[in-house]
Every structure is written in structure tokens, then in C-alpha cells.
Amino acid sequence: GPVLETPKRPNTVRVVCYGDSNTEGTFGEPSWPELLGDYLNDHRSKDEPRFEVVNAGVAGYSSHQGLLRFRRDLEWVEPDWIFVSFGWNDCAESAGRPDDQYQPPSQFAVILKKSLLKYRLFTVLLESITGSPDDREKYVDNNDPSMVAPRVSIEKYVHNLESFDEDAEEAGTRAVFLTRPHRPESYYDEESLKHIIRQTADYNHALRVAAKSEELEIIDVEEHYAQGPESLLADSCHFTEEGRREMARLLGDYVLQDIRSTGFKASERDTAP
């Protein structure tokens, strides 16, 4: 999307969408955050604030990376609303260790490795030391040693979302959490895909439970799409163009209805202490 203005323009509601590849979208095609911005501005009345919708989705992100990015963005982006959509990557098998146990290398190490990767001998030595992904030690689930642990456990997934909510509330930002839509398990024959769909459903269930106990604000996108046509999804978990437009309509109507029922004016937040 366009480069954001800082500080934010008066009488503007800024909505930031955090998520994975389903949020980021496909190159060359409008993402659902982009369509959401169009929908909100096309359906607002002339005396209602202007909307800016920011796409902060990144393919491959779990709730762990999303939370880190949100904390980095919060002060300068100045969001009024955030939508948070994770779960599919959280439940994927970890690559050696869970996401929160990785630490970024030093700047010196990055520069050195980039320089050495130019040489074939170094890449051969690196492969011999680390092995292929299939050869590396798996990080197992302590509760079930036969299972590889997920990138983010259900408990940490819920904790990450609660942290999103706490940080947003402290900043005066509205946080809304989205269950992760996907096709039903019965749609596929591959056991590996069935497994991740089952796990995603468990993460969605955990979000619903947390929403009741911790008073998180959610929109049950999984349930909404389960009632819709198959044409909303292109594969196991990504939207078609029709699915992206439906997401924009679903969230757009939610935002507009709330703003109209509460009388929210963007200028009130702009001048808040």
C-alpha cells in the first residue's frame, strides 16, 4: 500500500491488519485489507471520518512474529483499529525449535555469512554441518513425544493474542481477533493436510474460549466461511477474489456499524491526551 503519513491526518480512522499469507495476499491482486479500505470509504457517509487500511500481513508469520511487529509499529503507525488473524502457521511443525526460541544473529555474523555464501566450498561445508531439514533434530511435544511440537503452542498462541489486546488497550487502539478460515478436513485425502486443518480448528476454538474468559473481541471468520460457498477459498486456507471481497464486506460492515452506534469520531482520538 501507499507510504503512511506521520503524524496521521485529522479525521482519519487508521485500521491495521496483522496476519499471514492470507492477509498479505497474492502479488498483482488486491488483498482483502486493500478491498476493506475501498469498501469502508465507498460506504461511509460524507460526515464520517476517512479510512486508511494498512496491510501488515506477512506470508509465513505466526502470532509470535505478528506480535513483535505490532509492538514495533504501534507508536508510529497510530492505529485506531487492528485486525489480528493468525493460527495456520502457529500450528505448523517447528523447524528445530519453537518460534520464540530463535534469536536473530549479530549484524557481524550476517555480513560474514553473506560474504562466505559466495564461495561454493563454504556452502558445501555448511550443508555437511547442518544437514538437510529432514535430517535435523526435531523439537518434540513434551506432552506427546511422538509428535513434533508446533511453531507456537496453543497456550502461547492465546498468550500472544492477549498481549496484542493488552498493548492495544494501553495505546487506545481497538483490537479485533479473527478465527482462521479453512476448508473442512474431509475435503482432502492427504493426512498431513488433514492434521494441520484439525490443529487450526483447535487454535480457533482456543481463541473463542479466550474471547469469553478474557473478553477479547472476535469475529468468527471460520464459522462465517463454513456457511458460504466453496468458491470463497482457493485451496486449504487462502481466499479467492470472491473470498477476499467477502472478507472486506464482513469486516467493513462490522466497523461501520460500530462507529455509527458509538458515535466515534476520528478527531476525538486525534486530540486525546
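Refer to the preceding data block for the structure.
Residues numbered from 1 in each chain as written. Predicted model: local features only at pLDDT ≥ 70, side-chain atom pairs only at ≥ 80, totals over all residues. Heavy atoms only, no water.

1. Concerning the nonpolar core
The biggest cluster of nonpolar side chains holds 33 residues, and the ones touching the most others in it are Tyr-18, Phe-70, Ile-82, Tyr-157, Phe-164 and Phe-177. Of all the secondary structure elements, the ones that give two or more residues to this core are strand E1 (12–19), strand E2 (50–57), helix H3 (63–77), strand E3 (81–85), helix H6 (154–170), strand E6 (174–178) and helix H7 (191–214). For this core, the leading source of residues is H7, giving eight residues. One finds Cys-17, Leu-35, Tyr-225 and Val-255 within the second-largest nonpolar core, a separate group that totals 26 residues. (Core = buried A, V, L, I, M, F, W, Y, C linked by side-chain atoms within 4.5 Å. Buried < 20%, exposed > 50% of the residue type's maximum accessible area, 1.4 Å probe, protein only. Helix = DSSP H or I, 4+ residues; strand = E, 2+ residues; numbered from the N terminus.)

2. Concerning the packing of aromatic side chains
As enumerated under the stated definition, the model contains nine aromatic pairs in all. Aromatic side chains Tyr-225 and Phe-239 sit 4.9 Å apart centroid to centroid with 20° between the ring planes, which places their arrangement in the stacked category. Of the two residues, Tyr-225 is situated in helix H8 (residues 221–226) and Phe-239 in the loop between H8 and helix H9 (241–262); the sequence distance between them amounts to 14 residues. With a relative accessible area of 7%, Phe-239 lands in the buried category. Among the aromatic residues, ring-to-ring pairing joins Tyr-18, Phe-70, Phe-86 and Phe-164 into one connected group. The ring of Trp-81 has Arg-174 sitting right over it, with the charged end atom 4.5 Å from the ring centre. When the ring centre of Tyr-187 is taken as reference, the NZ or CZ atom of Arg-183 above it lies at 4.4 Å. (Phe/Tyr/Trp six-rings, centres within 6.5 Å; stacked < 30°, edge-to-face > 60°. Lys NZ or Arg CZ within 6 Å of the ring centre and 35° of its normal.)

3. Section: H7
With 24 residues, H7 should cover 34 Å at 1.5 Å per step; its first-to-last C-alpha distance of 34 Å lies within 8% of that length. Residues of H7 that are buried make contact with H6, E6, strand E7 (218–219) and H8. One or two residues past the end of H7 sits Glu-215, with phi positive at roughly 60°. (Expected span 1.5 Å × (residues − 1). Contact = heavy atoms within 4.5 Å.)

4. Comments concerning the pattern of salt bridges
If you walk through the whole model with that rule in mind, you get 21 salt bridges. Where Glu-222 meets Arg-208, a salt bridge forms, and the shortest distance between an N and an O atom there is 2.3 Å. Pair noted here: Glu-222 is in helix H8 and Arg-208 is in helix H7, with a separation of 14 residues, a long-range link. Of the residues examined, Glu-222 reaches a relative accessible area of 14% and is grouped as buried. (Salt bridge = Lys/Arg side-chain N within 4 Å of Asp/Glu carboxyl O.)

5. Some thoughts on the packing of H6 against H7
It is at 10 Å that the axes of H6 and H7 come closest, and there the two elements cross at 45°. The angle between H6 and H7 falls in the class oblique. Considering the relative orientation of H6 and H7, their crossing is right-handed. Residue-level contacts link Ile-154, Tyr-157, Val-158, Leu-161 and Glu-162 of H6 to Asp-202, Tyr-203, Ala-206, Leu-207, Ala-210 and Glu-214 of H7. (Axes fitted to C-alpha atoms, helices over the stretch in contact; angles between N-to-C directions. Parallel < 35°, antiparallel > 145°, perpendicular 65-115°, else oblique. Left-handed = near helix turned anticlockwise from the far one by under 90°.)

6. Some words on a nonpolar patch on the surface
A cluster of nonpolar side chains, contributed by Phe-108, Leu-112, Leu-116 and Tyr-119, occupies part of the molecular surface with about 430 Å² of accessible area. Residue placement: Tyr-119 occurs in the loop between helix H4 (107–116) and helix H5 (120–130). (Patch = residues over 30% accessible without salt bridge, like charges linked within 9 Å, V, L, I, M, F, W, Y side chains within 5 Å. Areas by Shrake-Rupley, 256 points an atom, 1.4 Å probe, with all protein chains shown as cover.)

7. Details of the sheet that holds E2
Spatially, the five strands line up as an open sheet ordered E2-E1-E3-E6-E7, and their pairing is parallel. Among the strands making up the open sheet, the edge pair consists of E2 and E7. The pairing of E1 with E2 spans eight bridges and is parallel. Looking across to E2, one finds that Cys-17 is bridged to Asn-55. Across the sheet, H3 is in contact with E1, E2 and E3; its angle to E1 comes to roughly 165°. Packing of H9 onto the sheet brings it into contact with E1, E2, E3, E6 and E7, and relative to E3 it is tilted by some 145°. (Pairing = 2+ DSSP bridges.)

8. Structural notes on the pairing of E6
With respect to burial, E6 is a largely interior element, four of its five residues being buried. Sheet analysis places E3 next to E6, joined by four bridges and oriented parallel. When the sheet's bridge partners are listed, Val-84 is paired in E6 with Phe-177. In this region the chain leaves E6, passes through H7 and returns to the parallel neighbour E7; the handedness of that crossover is right-handed. (Right-handed = clockwise from strand over helix to strand, strands pointing away.)

9. Some remarks on unusual backbone geometry
Of note, the amide linkage connecting Thr-6 to Pro-7 takes the cis form, showing an omega dihedral of -5°. With respect to the helices, strands and loops of the structure, Pro-7 is situated in the segment before E1. One non-glycine residue, Asn-11, adopts positive backbone phi at about 55°. If you trace the backbone, Asn-11 turns up in the segment before E1. Positive phi, normally seen in glycine, also occurs at Glu-215, with a value near 60°. Among the residues examined, Glu-215 registers a relative accessible area of 70% and is labelled exposed.

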